[in-house]
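Remarks on the overall topology
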Amino acid sequence: MTSGGKSWSYALVRWLDEWKIAFSGIILATRDAKFLLTFGITFIIFGTIMTLLSGGTAAFDLFGATDLTGKFQIIGDGFLGLFGIGRSFWDWVLTFSVTLLQSTLIGLVVLVWRHHRRNKKEQIVATATNSDNVQNAGLAAGLAVLGTGCPTCGTTLIAPLIGTLFSTSSYALASAISGILTAAAIIVALFALKRIGNDAYALIISARYQKKHQTPKEADL
């Protein structure tokens, strides 16, 4: 029992350390201008889309039918909704949290890819790692989009699909599935964030060490 307790305790400490390193990697990444640029672009575009999809496909149907002024207004409303304007608090918290996670994840993927690309010796391993990172980010984004909806008003993106399969309680069932998909999106994003955050920390610290100890001749290259 003691051995088992120590094993669980060690695993927990190691897991917490990995999260600590991942968080440190994210903090270090915020000092990179390209990470901030990628984060900002992803946050605005993905967040606006998530906000518009929170009411189902109505906003996109209207977007295709309205004039240019109306299109800009719809986009503007979606952007403002990302910051809670015109949204219920809990719906806004969910959308904002998923958008924040996804934007950080995409920013880290780009940062890690850039650092890997600089080292030609690790190019093969880097290609496989970057592919996995992109797949994880894409999976999280896909689940987040499928799970979008407004829990308080019973509107979900997948409700029409559920309605074609079940004649009754389609919105209730769709809301439940939507919640599961959103939870899955958050879990996938968090695990991917921990992994890529650790990679980012190692790469940034390694790059700083190499820069600090490089010779004047290497610095000129």
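Our subject in this report is the structure included herewith. (Residues numbered from 1 in each chain as written. Predicted model: local features only at pLDDT ≥ 70, side-chain atom pairs only at ≥ 80, totals over all residues. Heavy atoms only, no water.)

With that settled, the discussion passes to a nonpolar patch on the surface. A cluster of nonpolar side chains, contributed by L37, I41, I44, I45, I49, F60, F79, L80, F83 and I85, occupies part of the molecular surface with about 890 Å² of accessible area. The set of elements that each furnish at least two residues to the nonpolar patch consists of α2 (33–53) and α4 (68–81). The element best represented in the nonpolar patch is α2, accounting for five residues. For L80, the location among the structural elements is in helix α4. Owing to a relative accessible area of 36%, L80 belongs among the partly exposed residues under this scheme. (Patch = residues over 30% accessible without salt bridge, like charges linked within 9 Å, V, L, I, M, F, W, Y side chains within 5 Å. Areas by Shrake-Rupley, 256 points an atom, 1.4 Å probe, with all protein chains shown as cover. Salt bridge = Lys/Arg side-chain N within 4 Å of Asp/Glu carboxyl O. Helix = DSSP H or I, 4+ residues; strand = E, 2+ residues; numbered from the N terminus. Buried < 20%, exposed > 50% of the residue type's maximum accessible area, 1.4 Å probe, protein only.)

Let's shift gears to the pattern of salt bridges. Applying the stated rule across the entire model yields three salt bridges. Among the ionic pairs, R14 bridges to E18, the shortest N-O distance being 3.7 Å. Here the residue R14 and the residue E18 both occupy positions in helix α1 (residues 2–29), the gap between them amounting to four residues, near one helical turn. Judged by relative accessible area, which is 48%, R14 ranks as partly exposed. D32 serves as the salt-bridge partner of R114, at 3.3 Å between the closest nitrogen and oxygen. Of this pair, R114 sits in helix α5 (residues 89–118) while D32 is found in the loop between α1 and α2, placing the two residues 82 residues apart along the sequence. Each member of the pair R114 and D32 is classed as buried. Among the charged side chains, a salt-bridge network with shared partners connects R14, E18 and K194.

For the rest of this paragraph, the subject is the nonpolar core. Core analysis: the largest hydrophobic core is formed by 17 residues, its most contacted members being L105, L108, L111, L193 and I196. For this core, the elements supplying multiple residues, two or more each, are α1, α5 and α8 (170–213). Ranked by residues supplied to this core, first place goes to α8 with seven residues. Discounting chain neighbours no more than four positions away, the residues touching L111 are A29, D32, F35, A200 and I204. (Core = buried A, V, L, I, M, F, W, Y, C linked by side-chain atoms within 4.5 Å. Contact = heavy atoms within 4.5 Å.)

If you walk through the whole model with that rule in mind, you get nine aromatic pairs. Residues F39 and F43 carry aromatic rings whose centres are separated by 5.8 Å and whose planes lie at 20° to one another, so their mutual orientation is stacked. Within this pair, F39 and its partner F43 are both found in helix α2, separated by four residues, close to a single helical turn. Ring geometry for F89 against W92: centres 6.0 Å apart, planes inclined by 45°, an arrangement best described as tilted. Remark: W92 and F89 occur in helix α5; sequence separation between them is three residues, near one turn of the helix. Under the relative-accessibility criterion, F89 is labelled exposed at 52%. Through pairs of rings, three or more aromatic residues link up here, namely F35, F39, F43, F79, F83, F89, W90, W92 and F96. We note K71 situated over the ring of F63; from NZ or CZ to the ring centre the distance is 4.6 Å. (Phe/Tyr/Trp six-rings, centres within 6.5 Å; stacked < 30°, edge-to-face > 60°. Lys NZ or Arg CZ within 6 Å of the ring centre and 35° of its normal.)

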